[in-house]
Amino acid sequence: MSFATLSFTLVFVAISVGLSIWLRLGVQRDVVIAAVRATIQLVIVGYILKFVFQAHNVLFILAMIALIVCVATWNARSRARHISGIGWRIGLSLLVTEVVTQALLLGLHIIPFQPRYVISLSGMIVGNAMVASGVLLNRLQGEVANKQSEIETVLALGGSPRQAIYPHLKQAIRAGLIPTIDSTKTTGLVQLPGTMSGLIIAGASPVQAVRYQLMILFCILAGSAIASILLGFLAYPRLFNHYEQLVYEEGVQSGRR
Amino acid sequence: MDMHAIEFANVSLCVGGDTLLRKVDGRVPKGRIVALIGPSGSGKSTLLSLCNLMRTPTSGEVFVEGREVRTWPVRKLRQKVAMVFQSPTMFPGTVADNLSFGLHLHGLSLSNPAGLLEDVGLNSSLLDKRAEDLSGGQKQRVALGRTLAMQPDILLLDEVTSALDVHAKLEVERTILSLHESRGTSMLWVTHDLAQARRIADIIFFMDAGELVEVRDDAAAFFEQPQSAPAQRFLATMREGDGVE
């Protein structure tokens, strides 16, 4: 596709802006910013990937993965600014997710060690793990705020922070996984997934495209589960202090209602 | 050091620029009931929560049986100094599950749930009932039973009867007093019900604006002749409000 052909697709952006102005939705500025950012980011990434794919250098592959994990960590961190020390915990969860999934994919020779496989799959796995982590952190904070009296009753009975938080942590982990599970259940019925669509547009056989798509779906499922569970268990101790008191805002001790 | 059940030594607590407690000094003798009274927001519940380390003071020290709370193993302290909250939290499951909940947290089991339920004034036929289906008064008694199953030496009661109707309130109160007599448990009991404070207390702690302004060994004398100006004002206001003598 040439840049000239691509420029015709700006009509879709214009439709969104036009509708926003007509209905006074007030999102026209955001639509333009989103379109400009997506264009700049993807064009840059396109050229970087072209370079990395041609160079076929392990260091470049690792640098790309590090960039993916860092950006995903930074984004998920914004969901839990009140939990101190959450940043490196998110980063570690995403890194472990990436290492485990890639180790299996490469170790079992499901994919060859080539940048176009490793980097593309890393982006999808870490991206979905990031979304699951964000949902988990949101839900965990909501559970703590809503179930404070239950948690403090367990603590007051001499229960450990883990015993106090576990039922709520389970709910948060489930919440992190449900979007991935649901989208896996309906895949192909509601929409054709991105990888499959891309391969078909690029001329691959739909049967071959389905196989790649299934591999990716299963990796995403596993990646989201690993990231949510690991992050849940790394994050919950930050909700309690040394004296096993519930602390729901950094530096502020909780008060019973 | 004389072994009081609880001792507050120059305790202050500040949170986010607000002073919740200011230089509190006081002692709860072993085996006695101290009623903690005062206006809303005077720091009663906050003071209570320092005793089992649900909060920590900004300055000063809190001793339980002569040992500063921060030097106790936390879970052991909370077994020894148990707390019953204003709103009883029932966990999913039966009444029996709830009675043994605290012991299960410590890997123990409850040997006689029926006896415990009767101790808190409930019929043992309720054991298999869903805890959520109980009335407010029954829930509060199950919460009390759950706490007593831990066999605490000190009981912290935070307005445990304030959400109950008059009948349930007197029943729960009677249950607690009979347990106090049989087990000799030391109690620090926050209440805004002055008539109740008069009925149950050996000692009165009166708090105002985060300060413990009056401590009286003779509860009746406090209500007849409060010595501090804040207590006099508080009692006068309460008498005007609900006719408590």
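So, the overall build of chain B
1) Next: Assigned secondary structure in chain B consists of 10 helices and 10 strands.
2) Next: For 245 residues, the compact-globule estimate of 2.2 N^0.38 gives 18 Å, and the C-alpha radius of gyration of chain B, at 18 Å, lies within 12% of that figure.
3) Next: Across the 245 residues of chain B, 54% fall into the buried class.
4) Next: For chain B, long-range pairs separated by at least 24 residues make up 66% of all intrachain contacts whose partners lie at least 6 apart in sequence.
5) Next: Here chain B has roughly 10,300 Å² of accessible surface; of this, 45% comes from carbon and sulfur atoms.
6) Next: Averaged over its 26 positive side-chain charges, chain B has a centre that lies 4 Å from the centre of its 31 negative ones.

Details of the domain arrangement of chain A
All names here are of chain A.
1) Next: According to the domain assignment, chain A consists of domain 1 (1-55) and domain 2 (57-239).
2) Next: Taking the mean C-alpha position of each, domain 1 and domain 2 sit 27 Å from one another.
3) Next: In total, domain 1 and domain 2 occlude about 570 Å² of area from one another, counting both sides; carbon and sulfur atoms represent 88% of this.
4) Next: It is V52, F53 and A55 that lose the most area in domain 1 upon contact with domain 2, and together they represent 68% of the buried surface on that side.
5) Next: Run the count over domain 1 and domain 2 and you get 0 salt bridges.

Quick word on a nonpolar patch on the surface
Residues and elements named next belong to chain A.
1) Next: A contiguous nonpolar patch, built from V11, F12, I15, L19, W22, L23, L25 and V27 and spanning about 840 Å² of accessible area, is present on the exposed surface.
2) Next: Counting through the fold element by element, L19 comes out in helix 2 (residues 10-22).
3) Next: The exposure class assigned to L19 is partly exposed, which follows from its relative accessible area of 41%.

What about the pattern of salt bridges?
Residue and element names in this part refer to chain B.
1) Next: In total, this model carries 18 salt bridges over all chains according to the counting rule given.
2) Next: The partner of R130 in a salt bridge is D133, and the shortest N-O contact between them spans 3.2 Å.
3) Next: For D133, a relative accessible area of 45% corresponds to the partly exposed category.
4) Next: The salt bridge partner of D193 is K169, with a shortest N-O separation of 2.7 Å. One end of the pair, D193, is in the loop between strand 8 (186-190) and helix 8 (194-200); the other, K169, is in helix 7 (residues 166-183), and 24 residues separate them in sequence.
5) Next: Within this structure, E65, K80 and D153 form a network of salt bridges that share partners.

Comments concerning the packing of helix 5 (residues 86-107) of chain A against helix 10 (residues 206-235) of chain A
Residues and elements named next belong to chain A.
1) Next: Running from N to C, helix 5 and helix 10 cross one another at 145°; their axes reach a closest spacing of 9 Å. Considering only the axes of helix 5 and helix 10, their crossing is right-handed. For the pair formed by helix 5 and helix 10, the contact residues are I86, R89, I90, L92, S93, L94, V96, T97, V100, T101 and L105 on the first element and M215, C219, G223, I226, A227, L230, L231, L234 and A235 on the second.

Quick look at the interface of chain A and chain B
1) Next: Listed per partner, the contact involves 21 residues of chain A and 25 residues of chain B.
2) Next: Both faces combined, the contact of chain A with chain B buries some 2,100 Å², and carbon together with sulfur accounts for 56% of it.
3) Next: On inspection of chain A and its partner chain B, the count reaches 1 salt bridge.
4) Next: Counting across the interface, chain A meets chain B through 8 residue pairs in polar contact (both at pLDDT 80 or more).
5) Next: Elements represented by at least two residues in the side of chain A that touches chain B include exactly helix 7 (148-156) and helix 8 (161-185) of chain A.
6) Next: Among the elements that make up the side of chain A that touches chain B, the one with the highest residue count is helix 7 of chain A (7 residues).
7) Next: Partitioning the side of chain A that touches chain B into residue classes produces 7 nonpolar, 10 polar and 4 charged.

Examining the pairing of strand 3 (residues 33-37) of chain B
Residue and element names in this part refer to chain B.
1) Next: Of all the 5 residues making up strand 3, 5 are buried; the element is thus mostly covered by neighbouring parts of the structure.
2) Next: Along strand 3, one buried face is formed by I33, A35 and I37 and the opposite face, lined by V34 and L36, is buried too.
3) Next: Relative to strand 8, strand 3 is paired through 4 bridges, and the arrangement is parallel. From the neighbouring strand, V34 faces strand 8, where its bridge partner is L188.
4) Next: The sheet contact formed by strand 3 and strand 9 (residues 203-208) spans 4 bridges and is parallel. Residue L36 lies in a different strand from strand 9, and its bridge partner there is F205.

Looking at the nonpolar core
1) Next: Within the largest apolar cluster, 129 residues are counted, with the highest numbers of intra-cluster contacts made by I6(B), F8(B) and L188(B).
2) Next: It is helix 6 (residues 115-146) of chain A that contributes the most residues to this core, 12 residues altogether.
3) Next: What I6(B) contacts, discounting residues up to four positions off in sequence, is G26(B), R27(B), V28(B), C51(B), V62(B), F63(B), I154(B), L156(B) and L188(B).

Some details on the sheet that holds strand 1 (residues 6-15) of chain B
Residues and elements named next belong to chain B.
1) Next: Taken together, 4 strands build an open sheet; the order of strands is 2-1-4-5 and the sheet is antiparallel. Strands with a single pairing partner mark the edges of an open sheet, and in this sheet they are strand 2 (18-28) and strand 5 (67-68).
2) Next: Summarising the sheet, strand 4 (residues 59-64) and strand 5 pair through 2 bridges and their orientation is antiparallel. Within the sheet, the bridge partner assigned to V64 lies in strand 5 and is R67.

Parameters and conventions
- Residues numbered from 1 in each chain as written.
- Chains lettered and ligands numbered in written order.
- Predicted model: local features only at pLDDT ≥ 70, side-chain atom pairs only at ≥ 80, totals over all residues.
- Heavy atoms only, no water.
- Helix = DSSP H or I, 4+ residues; strand = E, 2+ residues; numbered from the N terminus.
- Rg over C-alpha atoms; globule rule 2.2 N^0.38 Å.
- Buried < 20%, exposed > 50% of the residue type's maximum accessible area, 1.4 Å probe, protein only.
- Contact = heavy atoms within 4.5 Å.
- Areas by Shrake-Rupley, 256 points an atom, 1.4 Å probe, with all protein chains shown as cover.
- Lys, Arg positive; Asp, Glu negative; His and termini not counted.
- Charge placed at Lys NZ, Arg CZ, Asp CG, Glu CD.
- Domains from an automatic or database assignment.
- Buried area = accessible area lost by both parts, 1.4 Å probe.
- Salt bridge = Lys/Arg side-chain N within 4 Å of Asp/Glu carboxyl O.
- Patch = residues over 30% accessible without salt bridge, like charges linked within 9 Å, V, L, I, M, F, W, Y side chains within 5 Å.
- Axes fitted to C-alpha atoms, helices over the stretch in contact; angles between N-to-C directions.
- Left-handed = near helix turned anticlockwise from the far one by under 90°.
- Polar contact = N/O pair within 3.5 Å; in protein donor to acceptor, adjacent residues only side chain to side chain.
- Nonpolar A, V, L, I, M, F, W, Y, C, P; charged D, E, K, R; others polar.
- Pairing = 2+ DSSP bridges.
- Core = buried A, V, L, I, M, F, W, Y, C linked by side-chain atoms within 4.5 Å.

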